[in-house]
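Here is how the chains run, residue by residue.
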Amino acid sequence: MPDAATLRGLIALGGAGAREISTRDHRLDLADFAARSAFGAARRRFAGRSVVLAVGDMAKAAAALIDLDGLARRILLCPPGFEAEKIAGAAALVEADGLAYDDEIAPPLTLDVALPVRLPLAPREADDAPRLATEWVLPTSGTSGPPKLAVHTLQTLVGAIAPAPLQQWATFYDIRRYGGLQIFLRALSGQGSLRLASPAEPIEGFLDRLGELAITHISGTPTHWRKAMLSGATGRISPQYARLSGEIADDGVLAGLAAAYPHARIEHAYASTEAGVVFSVADGRAGFPADWLTRSGAVELKLVDGALRVRSSRRALRLLGPGAPALTDADGFVDTGDMIALRDGRGYFVGRRNGVINVGGAKVHPEEVEAALNSLASVRAARVFARPSPITGAIVAAEVVLSDPTAAGRELEREIIAAARRRLPAHMAPAYIRFVADLPMTDAGKLRRHG
Amino acid sequence: MSIRDLVLEEIRNVAAEQDKTLPPLTEGLALLESGLDSLCFAILVSRLEDATGRDPFSSAKASEFPHTVGELIAFYEPLHA
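Treat the numbers as computed from the prediction; the structure is a model and nothing was measured. (Residues numbered from 1 in each chain as written. Chains lettered and ligands numbered in written order. Predicted model: local features only at pLDDT ≥ 70, side-chain atom pairs only at ≥ 80, totals over all residues.)

## Let's talk about the overall build of chain B
Helix and strand counts for chain B come out as four helices and zero strands. N-terminal to C-terminal, the α/β element order of chain B is α-α-α-α. Nonlocal contacts in chain B, meaning residues at least 24 apart in sequence, comprise 58% of its contacts between residues at least 6 apart. (Helix = DSSP H or I, 4+ residues; strand = E, 2+ residues; numbered from the N terminus. Contact = placed C-beta atoms within 7 Å.)

And the structure:
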């Protein structure tokens, strides 16, 4: 990737054709950024600041990123659903002194300089502030405890992106998460446009819109793709390239995509916020060739106790905050925590080492669900585990030891599920409960985990 | 209980648990217009697996997934390959 320094530079690389970023509700003409801004004339007030970016519609996030990169010292990119409490915690860690908030939503916190992100763009002043190497701070997608923040720069983020011919991109992802951000940057550095979903837009409507716009390249998680296939609307688009990432891509979803788009190149990619883009697999099969574990190059892999470690210039620079663990081991490898099984010359992803359950791309820590279940009077002990699902990859299941074992039954199962739903987001509440007499412990007195 | 009644009952159970409002369940109703989201479908498929001992989703290509309530019922009928 040529050195483009800032997002505006990246856009300029792609050339001056008619290019836009659009959601259902907003449309950004990339050429307009030369003289206009989502903050209008007030944009320069963010110069040198550490800015929390918390907006609803992705077009607003895109506009604010283009406005802030090179101007702000840091951007904290808040993903959708990042609650006010988490925003406040992360804002403290990035030493935030600026807030870019959605003009249609109340600001989530108070900071020195708070400006609404407004579309359409309004005239701005010429660039006279010194150009900074802005730090992009991305919360990792964990759900419990204080947020873990990974620091990137534009240079680390675009490491996997090569110059490309005209591509019209779309993604099911949110561009505020690593997988979607990669597509945002690919689109900006290329010659085409980018189409994004609006909040709560039905998948069929989105695919209809993408079909009318004749997109050629599209990405999403396996869960997004299964949902698209379930909708029966995959035929509304005919991409040349379809990409899967963010979850384990199994042979079923790959075969389904190959059948839906027989002429498209289909790739599944492996990436993480901490390690960056690691690799893409284009042979139509789940997993990856095992000899990739020993090859040298820009990205190097190794297995330690079955978990994948990655050494790459595309990784985050560091994790942020007092007491944040080191991002890499002594040899510069990031421990991904993703467990690999080797079979027949191929590596397969088999889950997370720490037992995090991935429900359609949302990570669930079993311990958090267990705590909620254990708080119920009827529950003596709970063990939470993943039950494989052909729809979302996994759903949350629990084994429960009752305070009163004679109360076991379908009625109590429903009561416990309903009580968990009142305490937890829907994807975290157990969908399935099995009553057991006892739960196994390790020698150290900890709950023994499945697998 | 017939497969049809079982599928319809579990759809209603999952919708009730997940606070989703269902339209009238006709054979032609598109699954994505039933008000159930991906998580609801995931739960539904796991319940049907427990009740029938079968998970036709895991063995089918995603392109063969059912799109309507009627197709979903047919998917669980014993004759379905």
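## Considerations on the nonpolar core
Residue and element names in this part refer to chain A. The biggest cluster of nonpolar side chains holds 142 residues, and the ones touching the most others in it are Val-52, Leu-53, Ala-62, Leu-76, Ala-100 and Val-396. At nine residues, helix α2 (residues 58–68) tops the list of elements feeding residues into this core. For this core, the domains that each give at least three residues are domain 1 (7–335) and domain 2 (357–435). What Val-396 contacts, discounting residues up to four positions off in sequence, is Ile-357, Val-359, Val-364, Val-369, Val-384, Met-428, Ala-429, Pro-430 and Ala-431. (Core = buried A, V, L, I, M, F, W, Y, C linked by C-beta atoms within 7 Å. Buried ≥ 20, exposed ≤ 12 C-beta atoms within 10 Å, placed from the backbone. Domains from an automatic or database assignment.)

## As for the pairing of strand β13 (residues 217–220) of chain A
All names here are of chain A. Side chains His-217 and Ser-219 project from β13 onto one buried face, and the interleaved Ile-218 and Gly-220 project onto a second face that is buried too. Bridge analysis of strand β11 (residues 169–171) against β13 gives three bridges, and the strand direction is parallel. Looking at the pairing, Ala-170 lines up with Ile-218 of β13. Chirality of the crossover, the property in question, places the unit of β13, helix α7 (residues 222–231) and strand β14 (residues 241–244) among those that are right-handed. (Pairing = 2+ DSSP bridges. Right-handed = clockwise from strand over helix to strand, strands pointing away.)

## A closer look at the pairing of strand β25 (residues 379–389) of chain A
All names here are of chain A. Inspection of the sheet shows β25 paired to strand β26 (residues 393–402) by 10 bridges, in the antiparallel sense. Bridge pairing in β26 links Arg-383 to Glu-399. Counted between consecutive antiparallel strands, the loop separating β25 from β26 contains three residues.

## Looking at the environment of Pro262(A)
Inspection of the secondary structure assignment puts Pro262(A) in the loop between α8 (251–260) and β15 (265–272). Sequence separation between Pro262(A) and Ala341(A) is 79 residues, and the spatial gap between their C-alpha atoms is 30 Å.

## Quick look at the interface of chain B and chain A
Taken together, the contacts link 19 residues of chain B with 28 residues of chain A. For the side of chain B that touches chain A, the elements supplying multiple residues, two or more each, are α2 (38–52) and α3 (56–59) of chain B. Here the side of chain B that touches chain A takes seven residues from α2(B), the largest share from any one element.

## Section: the sheet that holds strand β18 (residues 299–304) of chain A
All names here are of chain A. Taken together, five strands build an open sheet; the order of strands is β17-β22-β21-β19-β18 and the sheet is antiparallel. Edge strands, defined here as strands with exactly one partner in the open sheet, are β17 (288–289) and β18. As paired elements, β18 and strand β19 (residues 307–312) share six bridges and run antiparallel to each other. For Glu-300, the partnering residue across the bridge sits in β19 and is Arg-311.

## Re the domain arrangement of chain A
Residues and elements named next belong to chain A. Along its sequence, chain A is organised into domain 1 (7–335) and domain 2 (357–435). The C-alpha centroid of domain 2 is placed 32 Å from the C-alpha centroid of domain 1. The interface is formed by 12 residues belonging to domain 1 together with 11 residues belonging to domain 2. In terms of residue count, the dominant contributor to the side of domain 1 that touches domain 2 is α7 (three residues).

## Regarding the packing of helix α1 (residues 3–17) of chain B against helix α4 (residues 69–76) of chain B
All names here are of chain B. Interaxial distance between α1 and α4 falls to 9 Å at its minimum, and their mutual angle equals 125°. By the criterion of interaxial angle, the relationship of α1 to α4 is oblique. Crossing hand, α1 versus α4: right-handed. Contact with α1, carried on its side by Ile-3, Arg-4 and Val-7, involves Leu-72, Ile-73 and Tyr-76 of α4 and no other residues of that element. Taken together, the residues of the contact of α1 with α4 break down into five nonpolar, no polar and one charged. (Axes fitted to C-alpha atoms, helices over the stretch in contact; angles between N-to-C directions. Parallel < 35°, antiparallel > 145°, perpendicular 65-115°, else oblique. Left-handed = near helix turned anticlockwise from the far one by under 90°. Nonpolar A, V, L, I, M, F, W, Y, C, P; charged D, E, K, R; others polar.)

## Regarding the environment of Pro222(A)
Residues and elements named next belong to chain A. Residue position: Pro-222 is located in helix α7. For the pair Pro-222 and Gly-246, spaced 24 residues apart in sequence, the C-alpha to C-alpha distance is 7.8 Å. With residues near it in sequence (within four places) discarded, Pro-222 still touches Leu-244, Glu-247, Ala-249, Val-253 and Gly-393.

## Notes on the packing of α1(B) against α2(B)
Residues and elements named next belong to chain B. Running from N to C, α1 and α2 point in directions that differ by 135°, and their axes come no closer than 10 Å. As far as their axial angle goes, α2 and α1 are oblique. Handedness of the α1/α2 crossing: right-handed. From α1, Leu-6, Val-7, Glu-10, Ile-11, Val-14 and Ala-15 reach across to α2, where they touch Cys-40, Ile-43, Leu-44, Arg-47, Leu-48 and Ala-51. Residue composition of the contact of α1 with α2, by class: 10 nonpolar, no polar and two charged.

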